[in-house]
Amino acid sequence: MKTLLGRRTRVLAATTATAGLVLLTACTSSDDGDGASKTAAGGVELVKAGQLTTCTHLPYPPFQLEIDGKVQGFDVAVIDLVADDLGVKQQILDTPFENFKTGAFLNSGECDLAAAGMTITEERKKNVDFSDPYFNATQAVLVDKKAGVTSLADVKSENVKLGAQAQTTGEDYAKKQGFDPVSFESSDAVLNGLRTGQVKAVVIDFPVVQGWLKDKANADAFEVVDNLDTGEQYGFTVKKGNTGLRDAINKALSDAKADGTYKKLYEQWIGPYDESAADPSAT
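Residues numbered from 1 in each chain as written. Predicted model: local features only at pLDDT ≥ 70, side-chain atom pairs only at ≥ 80, totals over all residues. Heavy atoms only, no water.

Colleague: Please set out the overall build of the protein chain residue by residue, giving values where relevant.
Modeller: What the protein chain contains, in helices and strands, is 12 helices and 16 strands. Across the 283 residues in the protein chain, those meeting the buried criterion constitute 52%. Taking all contacts inside the protein chain whose residues are at least 6 apart in sequence as the whole, residues at least 24 apart take part in 70%. Roughly 12,400 Å² of accessible area belongs to the protein chain as shown, and the carbon and sulfur atoms make up 48% of that amount. (Helix = DSSP H or I, 4+ residues; strand = E, 2+ residues; numbered from the N terminus. Buried < 20%, exposed > 50% of the residue type's maximum accessible area, 1.4 Å probe, protein only. Contact = heavy atoms within 4.5 Å. Areas by Shrake-Rupley, 256 points an atom, 1.4 Å probe, with all protein chains shown as cover.)

This is the structure we're talking about:
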């Protein structure tokens with residue numbers, strides 16, 4: 001089993017009804033051996049016949065997470081729509097988040113696309129092609145209620161220890177504000193850092209915090225004291241020049257917004273429908 005940066009690579013079936021955990025060794029694209037075509041509907045070329053392979057980084061609720069052994073979430077459901085249009089099934093490859101900045105797994109032919117609640121940035125555009133933006137995101141400042149702070153400014157003035165997820169725009173924002181945040185490898189690790197007192201405040205995407213606060217124990221212990229509009233928009237990524245798949249993603253997004261599917265998925269996974277967050281204009 002191939003190890004990547006100390007993290008086990010896993011391929012997980014992503015359809016809500018039939019998803020199951022499958023452990024496989026990540027490998028580069030090759031012939032399937034049975035003569036199956038890697039060309040999907042619309043002439044879109046895939047790295048493996050019969051499936052749309054998605055790179056992600058688990059967990060990142062509500063966008064992708066495992067529930068009862070099945071990989072589910074908002075991003076998963078949206079990309080399932082793309083897979084349906086292409087006449088294939090989605091498979092998810094769990095990979096280190098830092099690879100999304102470089103497009104490494106797209107360039108090596110291990111994944112067709114990446115979906116990970118990922119912010120569109122000019123730096124990342126140098127290495128990957130983004131879909132149309134599909135979500136406007138803000139950063140939340142979540143604090144331990146016992147910390148006695150009511151804003152990010154208080155976190156700084158009171159010298160309260162701040163945490164963030166590594167390699168994210170939340171971490172970048174904190175550093176730009178003069179913080180030296182404790183860096184956690186995943187969103188679950190960020191929450192655990194709060195629970196165990198490693199940090200007393202965190203900066204992380206607001207939809208993630210919304211999911212955490214649905215748990216009464218979290219809501220009793222922590223509170224949002226700032227919601228930072230950083231102008232971030234999420235997008236899915238494909239290998240540079242893969243216009244066929246990028247166009248297929250954009251079409252699925254457009255169709256889902258037009259027929260109400262997007263709104264339904266938003267309410268299922270994120271919460272009450274926020275049109276301003278759900279209908280970002282193209283960057």
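Colleague: Talk me through the pairing of strand β12 (residues 162–165); I want residue IDs and the actual numbers.
Modeller: A two-sided burial pattern is seen for β12, the buried positions comprising L162 and A164 on one face and G163 and Q165 on the other. Across 3 bridges, the pairing between β12 and strand β14 (residues 201–205) is parallel. Along β14, the bridge assignment pairs A164 with V203. (Pairing = 2+ DSSP bridges.)

Colleague: Describe in detail the environment of A114, supporting the description with residues and values.
Modeller: You can see A114 is positioned in strand β9 (residues 113–114). Assessed through its relative accessible area of 1%, A114 is described here as buried. Along the primary structure A114 and V238 are separated by 124 residues, whereas in three dimensions their C-alpha atoms are 6.6 Å apart. Excluding anything up to four places from it in sequence, A114 contacts C55, F100, L106, F236 and T237.

Colleague: Now, about helix α6 (residues 169–176): what can you tell me, with residues and values included?
Modeller: Every buried residue of α6 is accounted for by T169, G170, E171 and A174. Contact partners of the buried residues in α6: α4 (122–125), β11 (135–144), β12, β13 (182–184), β14 and β15 (222–234). The positive-phi residue at the C-terminal boundary of α6 is G178, with phi of around 95°.

Colleague: So what about unusual backbone geometry? Which residues, and what values?
Modeller: Trans peptide bonds make up most of the peptide bonds, and negative phi angles are found at most residues other than glycine. The omega torsion of the bond from L58 to P59 falls at -10°, within 30 degrees of zero and hence cis. You can see P59 is positioned in the loop between β5 (51–56) and β6 (65–67). Note the cis peptide between P61 and P62, where omega equals 5°. Its place among the elements puts P62 in the loop between β5 and β6. Backbone geometry at D68 places phi at a positive 55°, although glycine is not the residue there. On the secondary structure map, D68 appears in the loop between β6 and β7 (70–72). You can call D68 exposed: its relative accessible area is 76%. Despite not being glycine, Q167 has its phi angle at roughly 65°, a positive value.

Colleague: Any details on the state of the cysteines? Residues and values, ideally.
Modeller: Summed over the entire model, instances satisfying the criterion amount to 1 disulfide. Between the sulfur of C55 and that of C111 lies a disulfide, 2.1 Å long from S to S. Taking the torsion about the S-S bond as the criterion, the C55 to C111 disulfide, at about 75°, is right-handed. Placement of C55 in strand β5 and of C111 in the loop between α3 (104–107) and β9 is noted, with a sequence separation of 56 residues between them. Across this residue pair, the class does not change: C55 and C111 are buried. (Disulfide = S-S within 2.5 Å.)

Colleague: Can you lay out the pairing of β5 for me, pointing to particular residues and giving the numbers?
Modeller: Counting buried residues in β5 gives 6 out of 6 residues, a clear majority hidden from the surface. Alternating residues of β5 divide into Q51, T53 and C55 and L52, T54 and T56, and every residue in both groups is buried. Strand direction decides the pairing type here: β5 and strand β8 (residues 89–94), joined by 6 bridges, are parallel. What sits directly across from L52, in β8, is Q90. Two elements, β5 and β9, share 2 bridges in a ladder whose sense is parallel. Looking at β9, one finds that T54 is bridged to L113.

Colleague: Can you tell me about the nonpolar core, naming the residues and giving the values?
Modeller: Counting 49 residues, the largest nonpolar core has L52, F74, V82, L86, F135, W212 and L245 as its most contacted members. Ranked by the residues each element gives to this core, the list is headed by helix α1 (residues 74–86), at 7 residues. If sequence neighbours within four positions are ignored, L245 has contacts with V44, L52, V82, L86, D112, L113 and V238. (Core = buried A, V, L, I, M, F, W, Y, C linked by side-chain atoms within 4.5 Å.)

Fair warning: the whole summary comes from geometry, so function is off the table for now.
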